[in-house]
Amino acid sequence: MATWSAPGKVFLFGEHAVVYGKMGIAMAIRPRVFVTVRDTKRPSRAKSPYIDSCFEAMGVIGSVYINSQIPSSSGLGSSAAVTVATLAAINDEFNLNKTREDIAAMAFEIEKTVQKGRASPTDTTVSTYGGIVLITGGSRRRLPPQNMHLVVGDSLVSHSTSRMVEQVADLKKRHPEIVDPVLDAIQGVSMSAIHQLSNPRELGRYMNMNNSLLEVLGVGHPQLAKMILASRQAGAFGAKITGAGGGGSMVALCPKQLKHRVAKAIESCDGRAIVTAIDTEGVRKEKNV
Ligand code: PMV
C-alpha cells in the first residue's frame, strides 16, 4: 500500500492568456489530495476518467482510495492533484521507477486527453513541484517561494474550464482587434508582477489589473465580482478571479492580520472561504494510514 499527496493551486496571473503561449504564474497551495494505491487481485476504485487513465498509462491494475481536501470544480486544480498523486502512488506501489519529471509529463498528457486537448501544463506542473511556477509555452521555471497570505473564495457556482476556454477562443475569433491586445496586456501584467512577488501591496494592484482584463474576456461572474469587491473593501491588497472563471473561485492577497476579516467578507457574500498559503513541496509520500 502506498499513500501520496499533491497540492492544489491558484493562478496568480495569466490564466487564459497562458493558453495562447503567454506567461502564466501559478502557486501551489494547501489543501492537498491524498491518494492510497494498493496492489490487489480484486481492484476497487472510484469511477474517474483521470484515475482510469493513470492505471492505463502505468500499465498496471490496483485499488485506489482518495481523500481530497480540495473542493472539485472550484478552479483549485483538484483533477491535476488527483492525477499527480495517483501516478506517484502507483509508481511507488508497483516499483515502476518513474521520475518526478515523468510523472509531471504523464499527468499533463492525461489531463489533456480527458479534457479533450484544452489544458495547459500549469496545474499538473504546480501540483508536482509545488512553490510558484512560471509557465510559458512549453517551458517552466520555478520562481522564488514567497510567504503570501491568501484567501480563496469558492463561489460554489460550478463552471467548466473547457467551456470557458472555448468561449474566449470564440471571442478572439470574432474580435481579434480587442482580444489580442487584452492578452498582450495580461502578459504585460504578469511580466511586471514577476519583479514584485515579494511586494504584496504592488502585487495586489497587478492582481486587480489582471482581474479587469479577465472581465473584458467575458469570464467574470456576478458572484465572483461580489466576493472580489468585498475582499478589497475588507482590506485585501488585491483580488482576482483564479482559473477559468464563469464560476469557480477568486483569490485575495491580504495583509496577515486581515485574512480572517477578508474570509468573513467572502462568506457574507455566500462564498466558501479558504485561508491558505504557499505549499512548497509538491507531490510527496505520506505515511500509510
Ligand atoms: O480553472 P482552472 O484552474 O482549471 O484553470 C484554467 C486556466 C486556463 O488558463 C483557463 C486553462 C489552462 O489550462 O491553463
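Model, not experiment: these values are computed from the prediction.

Enquirer: Mind laying out the packing of aromatic side chains, listing which residues take part and the relevant values?
Expert: Applying the stated criterion to the full structure yields 0 aromatic pairs. In this structure, lysine 172 is placed above the aromatic ring of tyrosine 20, and the distance from its NZ or CZ to the ring centre is 5.3 Å.

Enquirer: Explain the site of the ligand to me, using residue names and the numbers behind them.
Expert: Neighbouring the ligand are 15 residues, the closest being Lys9, His16, Gly75, Ser120 and Ala244. Within the side chain of lysine 9, one N or O atom sits 2.6 Å away from an oxygen atom of the ligand. In the environment of the ligand, an oxygen atom lies 2.9 Å from a nitrogen or oxygen atom belonging to the backbone of histidine 16. When the ligand is considered free in solution it has 380 Å² of accessible area, and contact with the protein chains removes 92% of it. Taken together, the elements giving at least two residues each to the shell around the ligand come down to strand E1 (2-13) and helix H5 (161-174). Class assignment for the residues of the shell around the ligand results in 6 nonpolar, 6 polar and 3 charged. Each of domain 1 (2-146) and domain 2 (150-276) accounts for three or more of the residues forming the shell around the ligand.

Enquirer: Describe unusual backbone geometry, with residues and values.
Expert: Between arginine 30 and proline 31 the backbone carries a cis peptide bond, its omega angle lying at 0 degrees. One non-glycine residue, asparagine 95, adopts positive backbone phi at about 45 degrees. Inspection of the secondary structure assignment puts asparagine 95 in the loop between helix H2 (78-93) and helix H3 (100-114).

Enquirer: Hey, could you go over helix H1 (residues 49-58) for me, with residue numbers and the actual values?
Expert: Turning to H1, its buried residues are Tyr50, Ile51, Ser53, Cys54, Phe55 and Met58. Of the surrounding elements, those touching the buried residues of H1 are strand E2 (23-38), strand E3 (63-68), H2 and H3. Measuring from the side-chain oxygen of the N-cap residue of H1 to the backbone nitrogen of tyrosine 50 gives 3.1 Å; that N-cap residue is serine 48. Just downstream of H1 lies glycine 59, where phi reads positive at about 70 degrees.

Enquirer: Help me get a handle on the sheet that holds strand E8 (residues 249-253), residues and values and all.
Expert: Ordered in space as E7-E8-E6-E9, the 4 strands form an open sheet in which the pairing is antiparallel. Both edges of this open sheet fall to strand E7 (238-242) and strand E9 (272-276), since each of them pairs with a single strand only. For this sheet the average axis-to-axis angle between neighbouring strands, irrespective of direction, equals 20 degrees. Looking at chain direction, E7 and E8 are connected through 5 bridges and run antiparallel. Opposite glycine 238, over in E8, you have leucine 253 as the bridge partner. Packed onto the sheet, helix H7 (residues 200-216) meets E7 and E8 and runs at close to 40 degrees relative to E7. Those strands touched by helix H9 (residues 259-267) are strand E6 (150-154), E8 and E9, and its axis lies near 160 degrees from that of E9.

Conventions and cut-offs
- Residues numbered from 1 in each chain as written.
- Predicted model: local features only at pLDDT ≥ 70, side-chain atom pairs only at ≥ 80, totals over all residues.
- Heavy atoms only, no water.
- Phe/Tyr/Trp six-rings, centres within 6.5 Å; stacked < 30°, edge-to-face > 60°.
- Lys NZ or Arg CZ within 6 Å of the ring centre and 35° of its normal.
- Near = heavy atom within 4 Å.
- Polar contact = N/O pair within 3.5 Å; in protein donor to acceptor, adjacent residues only side chain to side chain.
- Areas by Shrake-Rupley, 256 points an atom, 1.4 Å probe, with all protein chains shown as cover.
- Helix = DSSP H or I, 4+ residues; strand = E, 2+ residues; numbered from the N terminus.
- Nonpolar A, V, L, I, M, F, W, Y, C, P; charged D, E, K, R; others polar.
- Domains from an automatic or database assignment.
- Buried < 20%, exposed > 50% of the residue type's maximum accessible area, 1.4 Å probe, protein only.
- Contact = heavy atoms within 4.5 Å.
- Pairing = 2+ DSSP bridges.
- Axes fitted to C-alpha atoms, helices over the stretch in contact; angles between N-to-C directions.

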